[in-house]
Amino acid sequence: MDTLQKTQVFFTPIEIELGVDENGMTTARNLYNFLELAQGQFSRWAKANITENEFATENEDWWGFDINVEGNVVKDYKLTAHFAKKLSVKGNSEKAEQAREYFATVEERVKQKAIDLTQLSPELQTALADAFHITEPMPVQTASFPLITRGRNLALQSRTGSGKTLAYLLPLLAKLT
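Summary of the structure given here. (Residues numbered from 1 in each chain as written. Predicted model: local features only at pLDDT ≥ 70, side-chain atom pairs only at ≥ 80, totals over all residues. Heavy atoms only, no water.)

1. Here we look at the sheet that holds strand β3 (residues 62-69)
Spatial strand order, β2-β4-β3: three strands in an open sheet with antiparallel pairing. Both outer strands of the open sheet, β2 (25-27) and β3, are each paired with one neighbouring strand and no more. Mean inter-strand twist for the sheet, computed between neighbouring axes without regard to direction, equals 35 degrees. Pairing between β2 and strand β4 (residues 72-80): three bridges, direction antiparallel. Across the sheet, residue threonine 27 finds its bridge partner in β4, namely lysine 78. Set on the sheet, helix α3 (residues 42-51) makes contact with β3 and β4; between it and β4 the angle comes to about 35 degrees. Against the sheet, helix α4 (residues 81-88) makes contact with β2, β3 and β4, and its axis sits at roughly 100 degrees relative to β4, the strand it touches most. (Pairing = 2+ DSSP bridges. Helix = DSSP H or I, 4+ residues; strand = E, 2+ residues; numbered from the N terminus. Axes fitted to C-alpha atoms, helices over the stretch in contact; angles between N-to-C directions. Contact = heavy atoms within 4.5 Å.)

Here you go:
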């Protein structure tokens, strides 16, 4: 009997450092502390990088909320992991440089391990691009594709919208074409 293999999406090292939660969120204060920026300048930094950032959208990339710090009500912001990662590479600090180096290294590794969509027929590649705007696979698809194409049974666990359905379907569609 085949054993059922459970594949989980784990947090990356930078997500752990940023304190990203199971919903893919962190806080601006976590990011600020990660970047080791000057104490007492959080409000100014948050205004310049979050609330007045022309490339960020409130209630999509970030959400403001109040917290109590030493008896004072102050502002903090929930950030999507994606937005926090973008902000982490901004700046001239050593931590920002480490974040840039991390992402450059990860990108190179992903290129080496990614599903080669050219394995799919040209018609399927076009259909995926047209219908789903897929030009490269999601991480859950990259992780599962080789296992499923070798006939392994998998149970995938990942956030909603992460590409699980196509993770199961891409190997099947590749065989059909």
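2. Quick word on a nonpolar patch on the surface
A cluster of nonpolar residues, Tyr168, Leu169, Leu172 and Leu176, forms a patch on the protein surface that exposes about 380 Å² of accessible area. Within the element layout of this structure, leucine 176 appears in helix α8 (residues 164-176). (Patch = residues over 30% accessible without salt bridge, like charges linked within 9 Å, V, L, I, M, F, W, Y side chains within 5 Å. Areas by Shrake-Rupley, 256 points an atom, 1.4 Å probe, with all protein chains shown as cover. Salt bridge = Lys/Arg side-chain N within 4 Å of Asp/Glu carboxyl O.)

3. Focus on the layout of surface pockets
Approximately 150 Å³ is the volume found for the second largest pocket. Forming the boundary of the second largest pocket are Arg29, Tyr32, Asn33, Ala38, Gln39, Gly40, Gln41 and Phe42. Looking at the lining of the second largest pocket, the element that brings in the most residues is helix α2 (residues 28-34), giving three residues. (1 Å grid on protein atoms, 1.4 Å probe; cavity = no way out; pocket = protein on both sides within 12 Å on 5 of 7 lines; lining within 4 Å. Points joined across faces, edges and corners; volume = space filled by probe spheres on them.)

4. What about the pattern of salt bridges?
Between side chains of opposite charge, a pair can form as their charged atoms come close. Inspection of the entire model under this criterion finds six salt bridges. A salt bridge links lysine 85 to glutamate 15; the shortest N-O distance between them is 2.9 Å. With lysine 85 in helix α4 and glutamate 15 in helix α1 (residues 13-18), this residue pair connects regions lying 70 residues apart in the sequence. Residue classification places glutamate 15 among the buried positions, given a relative accessible area of 10%. For the salt bridge of lysine 78 with aspartate 21, the shortest nitrogen-to-oxygen distance reads 3.5 Å. Remark: aspartate 21 occurs in the loop between α1 and β2 and lysine 78 occurs in strand β4; sequence separation between them is 57 residues. On the accessibility criterion, lysine 78 (29% relative accessible area) is partly exposed. (Buried < 20%, exposed > 50% of the residue type's maximum accessible area, 1.4 Å probe, protein only.)

5. Description of the side chain of asparagine 53
Positionally, asparagine 53 belongs in the loop between α3 and β3. At 2.8 Å, the side chain of asparagine 53 forms a polar contact with the backbone nitrogen of phenylalanine 55. Aside from chain neighbours lying at most four places away, what touches asparagine 53 is Ala48, Phe83 and Leu87. (Polar contact = N/O pair within 3.5 Å; in protein donor to acceptor, adjacent residues only side chain to side chain.)

6. Focus on the nonpolar core
Generally speaking, nonpolar side chains in soluble globular proteins are found buried as a group. Counting residues in hydrophobic clusters, the biggest one holds 23 residues, and the most contacted among them are Leu31, Trp45, Ile50, Tyr77 and Leu79. Every residue in contact with isoleucine 50, bar those within four places of it in the chain, is listed here: Ala28, Trp45, Ala56, Trp62, Tyr77, Leu79, Phe83 and Leu87. Core analysis: the second largest hydrophobic core is formed by eight residues, Leu117, Leu120, Phe145 and Leu170 among them. (Core = buried A, V, L, I, M, F, W, Y, C linked by side-chain atoms within 4.5 Å.)

7. Describing the packing of helix α6 (residues 122-132) against α8
Two elements in contact, α6 and α8, have axes whose closest approach is 11 Å; the angle formed by their N-to-C orientations is 150 degrees. On the basis of their axis angle, the class for α6 and α8 is roughly antiparallel. Residues Leu124, Leu128 and Phe132 of α6 form the contact with α8, whose own contacting residues are Leu166, Leu170, Leu173 and Ala174. (Parallel < 35°, antiparallel > 145°, perpendicular 65-115°, else oblique.)

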